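What follows is each chain in one-letter form.
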Amino acid sequence: LDQVPLSKEEQNLMIAKMRQIYSDILELMDEAFKLDPELVTALVQRGGSINSVDRAGYTPLMVAAGTVRGRTGGGHPEDLTCIERLLQHGADASLTDDDGLTALGVYRRSVRGYDDFNSSMGWARQGANPAVEAILRPPGGPTPADEEVK
């Protein structure tokens, strides 16, 4: 195909559209990190892509899964509201990151990190929450990479 040069106006429009798409992806990732289900819904309704991917291959669901353990503190149960909201809006639990992990594997890796820290401090390991694992389980089951971090 012959390449047709874009006018300056077309170039500016394309750049503006790319910036808006990237901005929407970053906003959705940020709200998933904050575990804010209301803002996740607002961004999705505004057109944010629920399965957008960052440079490491993370989706908003993976970001929320990797964050949920760190927000519990003191052994409180994880708040699954944001994860449930992402799934209700169509987040795909079977997508994998650059390491072959689904959101389930990202959660398990996060739990292992917290447990390793707790153990180094002489505190008890808490292990993964079966309720979180159940909701994050991909329809086709865990990937081999997910199983490695169990």
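Predicted model, so just to flag it, every value in this text is computed and none were measured. (Residues numbered from 1 in each chain as written. Predicted model: local features only at pLDDT ≥ 70, side-chain atom pairs only at ≥ 80, totals over all residues. Heavy atoms only, no water.)

**Digging into the environment of Pro138**
For step 1, the next point in the chain: Note on placement: Pro138 falls in the loop between α6 (130-136) and α7 (144-148).
For step 2, the next point in the chain: Take Pro138: its relative accessible area is 3%, and that puts it in the buried class.
For step 3, the next point in the chain: On a C-alpha basis, the gap between Pro138 and Leu95 in space is 8.4 Å, while along the polypeptide they are 43 residues apart.
For step 4, the next point in the chain: Apart from residues no more than four positions distant in its own chain, Pro138 is found in contact with Ala93, Ser94, Thr102, Leu104 and Asp146. (Helix = DSSP H or I, 4+ residues; strand = E, 2+ residues; numbered from the N terminus. Buried < 20%, exposed > 50% of the residue type's maximum accessible area, 1.4 Å probe, protein only. Contact = heavy atoms within 4.5 Å.)

**Focus on the pattern of salt bridges**
For step 1, the next point in the chain: Here the structure, examined in full by the defined rule, presents six salt bridges.
For step 2, the next point in the chain: In this structure, Asp97 engages Arg109 in a salt bridge whose closest nitrogen and oxygen atoms are separated by 3.8 Å. Placement of the pair is Asp97 in the loop between α4 (81-88) and α5 (103-120) and Arg109 in helix α5, with a sequence separation of twelve residues.
For step 3, the next point in the chain: Residue Asp97 is classed as buried on the basis of its relative accessible area of 5%.
For step 4, the next point in the chain: Its relative accessible area of 29% is what places Arg109 among the partly exposed residues. (Salt bridge = Lys/Arg side-chain N within 4 Å of Asp/Glu carboxyl O.)

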